[in-house]
Amino acid sequence: MPVALDPHLEQIRPVEPRTPAGCEECLRLGSPWVHLRLCLTCGHVGCCDSSPLKHARAHAHHIGHPIVASYEPGEDWRWCYFDEQFV
C-alpha cells in the first residue's frame, strides 16, 4: 500500500494504549467491535469503521487527533482520518 507524506504526522507522539483490552467506549457501553485502532497522539483505543459505532473515527474528528495505527496483531499501518490516506 502506498504511504503518503501528511502534514498531520507531526501530531504523532509516543503513546501507551489507554485501554489495551479493547475499544474504550465499547468496553464502557458493552458494545461489540470488529477491529481496533490506536490514536497516535493520545493512546485512545477505538473501534474501526467496520464496527457498529466507529469510535476511532469519532475520536479523530471530535478530539482532533487524526492519525491512528492498526491495533490488530500482525498489522503495521497508519491512517489519517483527516486526509483519508495511509501515512
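By the naming in an unreviewed UniProt entry, the protein is Putative UBP type Zn finger protein, taken from Actinopolymorpha rutila.

### Topic: the sheet that holds strand S2 (residues 45-47)
One open sheet holds the five strands; their spatial order is S2-S1-S3-S4-S5, and the pairing between them is antiparallel. A strand with exactly one partner marks an edge of an open sheet, and here the two such strands are S2 and strand S5 (85-86). As paired strands, strand S4 (residues 78-80) and S5 are joined by two bridges and run antiparallel to one another. In the strand pairing of S5, Cys-80 is matched with Gln-85. Sheet strands touched by helix H2 (residues 55-63): strand S1 (36-39), S2 and S4. Its angle to S2, the strand with the most contacts, is close to 120°.

How each quantity is defined
Residues numbered from 1 in each chain as written. Predicted model: local features only at pLDDT ≥ 70, side-chain atom pairs only at ≥ 80, totals over all residues. Heavy atoms only, no water. Pairing = 2+ DSSP bridges. Helix = DSSP H or I, 4+ residues; strand = E, 2+ residues; numbered from the N terminus. Contact = heavy atoms within 4.5 Å. Axes fitted to C-alpha atoms, helices over the stretch in contact; angles between N-to-C directions.

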